[in-house]
Amino acid sequence: MLQDVKNQIRLLDSYFENRHNSEGKDSHGRSYILERKTTLDIVDELNDMLELPQKTVFDYLYKKGYRLGAQGGCLKWKIYREVGDTIE
């Protein structure tokens with residue numbers, strides 16, 4: 001069980017490697033792009049890699065200082081993504 005949690009945190013660390021909890025700019029001076037996602041959006045994106053409980057994702061984001069904001073009648077996380085050289 002403990003190994004499962006460690007793997008879940010490793011996956012989230014990798015996913016959020018180029019994402020931030022606040023506005024900013026990358027080393028090339030490009031502003032981060034705001035992405036609004038629900039906890040379930042993130043779970044769905046990563047589900048092919050590893051099963052993630054929603055609580056694990058919520059706790060991770062909360063501990064990392066990400067904030068929730070209302071959009072379209074529901075709460076979504078405010079995630080600022082680095083632009084990068086390619087579009088996914």
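Scoring rules and cut-offs
Residues numbered from 1 in each chain as written. Predicted model: local features only at pLDDT ≥ 70, side-chain atom pairs only at ≥ 80, totals over all residues. Heavy atoms only, no water. Helix = DSSP H or I, 4+ residues; strand = E, 2+ residues; numbered from the N terminus. Buried < 20%, exposed > 50% of the residue type's maximum accessible area, 1.4 Å probe, protein only. Contact = heavy atoms within 4.5 Å. Phe/Tyr/Trp six-rings, centres within 6.5 Å; stacked < 30°, edge-to-face > 60°.

Q: So what exactly am I meant to see when it comes to the side chain of Thr39 here?
A: Positionally, Thr39 belongs in helix 2 (residues 39–46). On the accessibility criterion, Thr39 (13% relative accessible area) is buried. Residue contacts for Thr39: discarding those within four places in its chain leaves Gln54, Val57, Phe58 and Trp77.

Q: What am I meant to see in the packing of aromatic side chains here?
A: How two aromatic rings sit relative to each other is given by the distance of their centres and the angle of their planes. Using the criterion set out here, one finds five aromatic pairs in the structure. Judged by centre distance (5.3 Å) and plane angle (55°), the ring pair of Phe16 and Tyr66 falls under tilted. One end of the pair, Phe16, is in the loop between helix 1 (2–15) and strand 1 (19–20); the other, Tyr66, is in the loop between helix 3 (54–63) and strand 3 (67–71), with 50 residues separating them in the sequence. Across the pair, Tyr66 and Phe16 agree in class, each one buried. The interplanar angle of 5° and the centroid separation of 6.4 Å between the aromatic rings of Phe58 and Tyr62 together place this pair among those described as stacked. Here the residue Phe58 and the residue Tyr62 both occupy positions in helix 3, the gap between them amounting to four residues, near one helical turn. A residue is classified by how much of its surface remains accessible, and Phe58, at 35% relative accessible area, is partly exposed.

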